[in-house]
Every structure is written in C-alpha cells, then in structure tokens.
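Architecture at a glance
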Amino acid sequence: MYPELQKELETFERRTPKSAEAHKRNLKRLPLGVASNYRAYDPYPIFVKEGQGSHFRDLDGNDYLDHNLCFGALMAGHCHPAVMKAVEKRLSTGTMFGMPHDMEWQLAEEICKRFPVEMVRFGSSGTEATMHAVRLARAATGRDKIVKFEGGYHGLHDSALVSVKPHAPDFGDIKNPVSVPGGLGVPKSAIANVAIATFNDLGTVERRFQENPGQIAAIILEPILMNVGLCMPQPGFLEGLREIATKNGSLLIFDEVKTGAKLGWGGASEYYGVIPDMICLAKSIGGGFPLAAFGAHKSVMDLISQHKVFHGGTYNTNPVSMAAGLATFSDVLTRENYAHVEKLSKKLVDGYKKIIAKVGLQGYIAQAGANGALMLYPQEIQNYRDWLAIDVDLWRHYWFGMVNRGVMPQPYWQDEQWTMSVQHTEADIDKHIAAFDDIAASLGKAQQERAGKAPALAAH
Ligand SMILES: Cc1ncc(COP(=O)(O)O)c(C=O)c1O
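Only a predicted model underlies this, so the values are computations on that prediction, with no experimental measurement involved.

**Observations regarding the overall build of the chain**
For the chain, the count of helices and strands is 17 helices and 16 strands. Taking 23 Å as the expected radius of gyration for a compact globule of 460 residues, we find that the chain reaches 22 Å, a close match to that expectation. Counting only C-alpha atoms, the chain reaches 65 × 55 × 45 Å along its principal axes. Out of the 460 residues in the chain, the part that is buried amounts to 50%.

**Side note on the domain arrangement of the chain**
Taken domain by domain, the chain comprises domain 1 (3-75 + 334-450) and domain 2 (81-332). Each of domain 1 and domain 2 was reduced to a C-alpha centroid, and the two centroids are 26 Å apart. Counting from both sides, the interface comprises 27 residues of domain 1 and, opposite them, 27 residues of domain 2. Broken down by secondary-structure element, the contributors of at least two residues to the side of domain 1 that touches domain 2 are helix H14 (335-359), strand E13 (364-368), strand E14 (371-375) and helix H15 (384-387). By residue number, the principal contributor to the side of domain 1 that touches domain 2 is E14, which donates 4 residues. Across the side of domain 1 that touches domain 2, the residue classes break down as 13 nonpolar, 11 polar and 3 charged.

**Examining the packing of H14 against helix H17 (residues 426-450)**
Think of two packed helices as two axes; the pair is described by the angle between the axes and how far apart they sit. It is at 9 Å that the axes of H14 and H17 come closest, and there the two elements cross at 20 degrees. For the element pair H14 / H17, the angle class is roughly parallel. The chirality of how H14 crosses H17 is right-handed. Seen from H14, the contacting residues are Leu-344, Lys-347, Leu-348, Gly-351, Tyr-352, Ile-355 and Val-359; seen from H17, they are Ile-429, His-432, Ile-433, Phe-436, Asp-437, Ala-440, Ala-441 and Gly-444. Residue classes in the contact of H14 with H17 are distributed as 10 nonpolar, 3 polar and 2 charged.

**A few points about the environment of Gln-215**
In this structure, Gln-215 sits in the loop between helix H8 (202-211) and strand E9 (216-221). In the structure, Gln-215 is positioned 74 residues away from Thr-141 in sequence and 8.7 Å away in space, judged by C-alpha atoms. Filtering out sequence-adjacent residues up to four positions away, Gln-215 remains in contact with Arg-143, Asp-144 and Lys-145.

**Overview of the nonpolar core**
In this structure, Ala-137, Ile-219, Ile-253 and Met-278 are the most contacted members of the largest nonpolar core, which totals 129 residues. Taken domain by domain, the makeup of this core includes at least three residues from each of domain 1 (3-75 + 334-450) and domain 2 (81-332). Beyond its immediate chain neighbours, meaning those up to four positions away, Met-278 contacts Ala-133, Leu-136, Ala-137, Leu-251, Ile-253, Phe-294, Gly-295, Ala-296 and Val-300.

**Structural notes on the site of the ligand**
Taken together, 13 residues sit near the ligand, with Ser-125, Gly-126, Thr-127, Gly-155 and Val-257 positioned nearest. When its residues are assigned to classes, the shell around the ligand shows 4 nonpolar, 6 polar and 3 charged.

**Some words on H8**
Within H8, the full set of buried residues consists of Thr-204, Val-205, Arg-208 and Phe-209. Looking down the long axis of H8, one finds its buried residues gathered within 140 degrees of arc, a one-sided arrangement. Residues of H8 that are exposed and angled more than 90 degrees away from the buried face: Gly-203, Gln-210 and Glu-211. Buried positions along H8 lie against strand E5 (145-149), strand E7 (176-177), strand E8 (194-197), E9 and helix H9 (237-247).

Conventions and cut-offs
- Residues numbered from 1 in each chain as written.
- Predicted model: local features only at pLDDT ≥ 70, side-chain atom pairs only at ≥ 80, totals over all residues.
- Helix = DSSP H or I, 4+ residues; strand = E, 2+ residues; numbered from the N terminus.
- Rg over C-alpha atoms; globule rule 2.2 N^0.38 Å.
- Buried ≥ 20, exposed ≤ 12 C-beta atoms within 10 Å, placed from the backbone.
- Domains from an automatic or database assignment.
- Contact = placed C-beta atoms within 7 Å.
- Nonpolar A, V, L, I, M, F, W, Y, C, P; charged D, E, K, R; others polar.
- Axes fitted to C-alpha atoms, helices over the stretch in contact; angles between N-to-C directions.
- Parallel < 35°, antiparallel > 145°, perpendicular 65-115°, else oblique.
- Left-handed = near helix turned anticlockwise from the far one by under 90°.
- Core = buried A, V, L, I, M, F, W, Y, C linked by C-beta atoms within 7 Å.
- Near = placed C-beta within 6 Å.
- Arc of directions from axis to C-beta.

Quick look at the structure:
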C-alpha cells in the first residue's frame, strides 16, 4: 500500500473507533459483520447513527454529506418531509393487512403515466421485480433462456447471479463471454439458461440469438450499466437491442431499479427514447421504504390475471410503503425537483472537471440524471472488462480521502456511483468540490508515481 493511502486509512481509523468496535461485535453473529455483502469493506464499514436531509452521522458523531444514499435508493434524501408525513399518518392506522386497498390503483396509475407499461404488480425489492419480470417473459414466450450482459447486476435470484463480476480466465473471450456463476449455490441449470453478451457490442447479442434459435425469452439490462461505475450505452446500442428483441420475438426488459426514478421523470425510456416491453422499478421510488414494481403491456400481465403465472407476496403493497411511494411520486420525483438535481449535478461535474484538469489526474466524470461518478480511466469505458482495469488502491485513496473530509462521495466500492438527492443544496456541492480539491493533488501525484512517470505539469 502506498503512503498517501496508508495515511488516509490511519485518519479513517482515528476518526471512527466506535464503528471498528461495533463491527467487531457484529462479526460474531453476522457473516462479514454486515447484513448485505455489499456493505463490507476493509478495514471495516462505517456504522451509521442517524440521517437527515443530505447528511448522516456515524456512531462517533462524524457528519457526512451523503451521496451514497443507500446505494442510490434515496433520491428523496433522508426523512423527506412529505414522505415522513404520509408515513406517520399510516403508522397509526394499520401497517399490514394483506388485503387490497385504494392506494394500489393510485400508484399503478402514476407508474403507467410515466413509464411505457399498461399494468403493474408491486413487491418490496429490486430482486423480486427482476425475478418476476424474467419469469413472465419466459411464460409469455414459452422459452427458458435469457440474454444478460456481463457485469450487469439485477439482484440475487438464480437467473441474475450469472457473470456479475466474473474474472479471467473463466469469463472467456470478450466476443464470446462465458456464463460464470456469481457464487456457489447457483444451479448449473440456471447458468445454462443465461447467455452472456458484452455491453455495447450488438454482435455478441446477435451471436447468442443465432446459437439459441427460438429459445431466448428476453434480453435484460440496465439501460446504463451501473454496476461498473457509470457505463453509458453508446449511440444505437439500445435501439439495436430493441430491434434484435423484436426480430426474434423476445421481450426487452429494462431493469430500471436505479435508472427509473433517477434519470428523469419518465426513466430511461423517456431519456433515451427506446421503449422496452417490461420495466422493473425499486430503490428510489419508495422514498426510503421497501417498494418495487414490475410492469408490461396488458397482454403480458394478463398471464397473471389468467392464473398462468403466479405472483404474490405478504409484504406487497403494505400501506406504509405505498404511502411513502405515493408521496415520493407526488412530492419528490417532480419535474421541478429533477431540474434542481440536474442543476446541482452540473455544478458538481463542472467542479470535478476543473480540478481533474488542474492536477493532471487521468480520469473523467460520467453523469446522467441524479447519478455520476469519478471514473479513474484514461478513456470512457464501454463494458465490464474496461472497468476491470481500475487501480483499486487509487480509488480507495479517493473514497477514504473524501470520507475523512466529511463527504461520502458514493457508496463504497469502485463499481458504484454518486446519487444527488432532491434535498442536496448548493452549499453541499461547494463542500463536495472543496473536499475533492483538497485530495486531488495527492491523488494525481500517486497516480503518476504508480504509473512510473514524473509528475506531469498542471494543465492550468
Ligand atoms: C439494477 C439493479 N437491479 C436490481 C437490484 C436489486 O435490488 P434489491 O437490492 O432491492 O433487491 C439492484 C440493487 O442494487 C440494482 O442496482
């Protein structure tokens, strides 16, 4: 480990002794000391105490500007007043009934207004949404296989846990990627039904269809690959997928668990002008409560109406989550708030770009809607394998450096991205930029030394 990173880690440990202690305690009873593998990192994760608006505090009382926002699930920010008010009202009138109620059609109407679907069903997590969407697509086509992109994340069910973070040599050639299980316990039969393609490479998708004629039920993807920082679809890629799916009688599933609420008012289909057959929503549509949905046109969803596809769930449309969801759509995910977030994002991006140029850091900023990321690459990445080239220590230097300066710039892990909430302010962005300005020179220096070069002259 190089000295600047070592120094940031020492500062981190000095600032967060209570998190270290709490993690040690957790380790005895929870694998990795956490409730989701994504929350574990070295030397130990920050343990949170409370949050409000765009900030949270850890157990040691350190305050952080929050761009993690629960892995992007909180475009509302913490405790959004409209969401809190709606939820508080529901808390004293019954939290679970397992019976239909009148918030269901209201939220379904709202979703059908914004997204290109005619009917929806609800659930509690993104995993559920993509799992049911894939099953419906299989039922609608009478086919078992799906095409998924290498590096894409769609949750934790068997069809999704394939080639999420595969490594060489297992993953094969980039033009012919191999389906690699995302851990033990994923059955071979599940792997056999997931054909892998390379993001931004339509040729690999065509190849999968040629190899599996009449067998592919759906193509599933995040319209922006967000499991590798932020990897943009290149012009024509989404349109090409639409064409391939239609030509082959397969369904195109947009996993909009992240993009649905955060790209803009109408999600990725509005943003890119490409219409999928099915969408999956979760995370930020719940305003801080577990809420998910999947939808399609009536002909597909009618498979549920006809009792041909089974869908259920004890927690589906529980009144607390639904009240939160309705308030989120009416008061958080508004055109005015998207404009606010866009304005702040532009300010943040401009700030990063100026500093990157000033210190001669090799990297770029990717941004779309409420999401963005510092991408430590010489040029724009196109797919998962490009992303693998990241200098992980340099990225850790950035993350811990920012965190030590009171800014959590994104969730931990170099495959994530920042979220801007509707509660962030201009002052928050000034703080974020100032923190980056403070750390950037040492990042640039470390990068140049690691590349074995003499420090480059500043660009400005
Ligand atoms: C694109 C995408 N799909 C699905 C999921 C799974 O959602 P959940 O964690 O709510 O099950 C995630 C979670 O990060 C995601 O980013």
